[in-house]
Structures are given as C-alpha cells and as structure tokens.
Amino acid sequence: MRRATALGLCAAALLVLSPLARALDMATLMQNLGKHKERHGRFVETRYLAVLNKPLRSSGEVRYVAPDLFEKKTLEPAADLMQVNGDRLYMEKDGRKYRMLLSKQPQAAVFVDAIAGLLKGDAAVLERNYDYQLEGKASKWTLTLVPKEQKVRGMVSKIIATGDQNQLKTIEYVQADGDRSVMVVEPLMQQQAATQSK
C-alpha cells in the first residue's frame, strides 16, 4: 500500500515538473519560437466580413528568414505578394507594385511587428506595441495581443495567435468593426511527410 502511494506521489511530482504540464511563460515561448532561423509553410486565410454572406478564402505560401525577412505569397484565388525586409515593405497586388518604409507608416509597422515578433521570438518587439495575455502550456498555447495605441485599436481590437511547441499554427486578426481574418499555417515539412506516407 505504501509502495503504491509512493509511486503515485512520484508520478504526480513528475507531472507537475514536466515542461509540457507547467504553465508557459512569455520568455520560454519566445525562446521556443526563436529556435528556427528559417521557416517555410503553407497558409489558408479566411476572412469574415459583415458585408458579405460568405467568407473569403485565399491560400499560398509563407517564408521567414532571420533576422528580418518575411514573405507572404498568395497563390489562390489570385496571385499577390507581400514582402517585408527590415524596414522595407514591398507589395504586388492587382498588377500593381507598392514600396514603402515601415518607419514612415507606423500603423502598418505595428501589424508587421506582430508576425515578426512571433517568428523571431522577440518579446521586446511585441511588448513595444502590444499588451499581451499568454495562456496554456508548451504543447498548446494561446497568445492574445491588444494594441497599445488607440489609433491602432480603432482598426484592430486584438490579435490571437495559437501554436504548439515552437510552431505558430494560427493568427487571427479581430477588427474593431467585428470583421476578422484567420490564417492557418502548416509547415511544408509536415505536409511533405504526409504526402510521402500515402
């Protein structure tokens, strides 16, 4: 009886001490996310707009190369491109090309900082522009970002990111008017493995 009780206590202690069981803190999450210096993935983005009866869906590829290159290439239903390289933002949409400096577009920079901060695992970037709430554990976490600037909150009320371990799984932008977009990201490596196993 005593041995069974002792084993039970040991098992409980191991569960408490397990990294996956403990509540996750921001420093650990950022360390996990920052482990990869290059990321490639596929995305599916769904936009829910009050003026439309059906959601809008798009899909394509995303790429991140440390320290400052982020690229979102939409392939369906129409091709467009958004590329951020440090302070430079480059876009291709509807056959037109746009270039700007994020330092001269502070509101746009805030949105870019959300993705950049997550991919880089840079808490300072996130904390500069957002208040945050982190919930869950390493195996399943949710990070809610609320813009500090009132002007930005007038456009986006919050950003909700979810993931597991060092993988970012979803990013949801909730606009102040109630519209929202949800981007689901799958690493290409996982998709290729799934294809090969068929």
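For the structure, check the block above.
Residues numbered from 1 in each chain as written. Predicted model: local features only at pLDDT ≥ 70, side-chain atom pairs only at ≥ 80, totals over all residues. Heavy atoms only, no water.

## What about the pattern of salt bridges?
Pairs may arise between side chains of opposite charge once their charged atoms sit close together. Tallied over the full model, the rule gives eight salt bridges. Across the pair glutamate 45 and lysine 72 runs a salt bridge, and its minimum N-O distance is 2.6 Å. Taken as a pair, glutamate 45 in strand 1 (residues 38-48) and lysine 72 in strand 3 (residues 69-76) lie far apart in primary sequence, 27 residues in all. A salt bridge links aspartate 80 to lysine 93; the shortest N-O distance between them is 3.7 Å. Linking aspartate 80 in strand 4 (residues 80-85) with lysine 93 in strand 5 (residues 88-93), this pair joins segments that are 13 residues apart in sequence. Given the relative accessible area of 22%, aspartate 80 is considered partly exposed. (Salt bridge = Lys/Arg side-chain N within 4 Å of Asp/Glu carboxyl O. Helix = DSSP H or I, 4+ residues; strand = E, 2+ residues; numbered from the N terminus. Buried < 20%, exposed > 50% of the residue type's maximum accessible area, 1.4 Å probe, protein only.)

## So, the sheet that holds strand 7 (residues 130-137)
With antiparallel pairing, the 11 strands of this open sheet are ordered in space as 6-5-4-3-2-1-11-10-9-8-7. The open sheet has two free edges, formed respectively by strand 6 (96-101) and strand 7, since each of these has just one partner strand. Shown here is a sheet whose adjacent strand axes are inclined to one another by a mean of 15°, direction ignored. Helix 2 (residues 26-33) rests against strand 1, strand 7, strand 8 (140-147) and strand 10 (167-175) of the sheet, and its axis sits at about 105° to strand 8. Packed on one face of the sheet, helix 3 (residues 106-120) meets strand 1, strand 2 (56-65), strand 3, strand 4, strand 7, strand 8, strand 9 (156-164) and strand 10 and runs near 165° to strand 10. (Pairing = 2+ DSSP bridges. Axes fitted to C-alpha atoms, helices over the stretch in contact; angles between N-to-C directions. Contact = heavy atoms within 4.5 Å.)

## A look at a nonpolar patch on the surface
A surface patch of nonpolar side chains, amounting to about 280 Å² of accessible area, comprises Val51, Leu52 and Leu56. Tracing the sequence through the fold places valine 51 in the loop between strand 1 and strand 2. (Patch = residues over 30% accessible without salt bridge, like charges linked within 9 Å, V, L, I, M, F, W, Y side chains within 5 Å. Areas by Shrake-Rupley, 256 points an atom, 1.4 Å probe, with all protein chains shown as cover.)

## Notes on the pairing of strand 8
Pairing of strand 7 with strand 8 involves eight bridges; the strand directions are antiparallel. Counterpart to tyrosine 130 in the pairing with strand 8 is proline 147. Turn length for the strand 7-strand 8 hairpin, with the two strands adjacent in sequence and antiparallel, is two residues. Both strand 8 and strand 9 contribute to a ladder of five bridges, which runs antiparallel.

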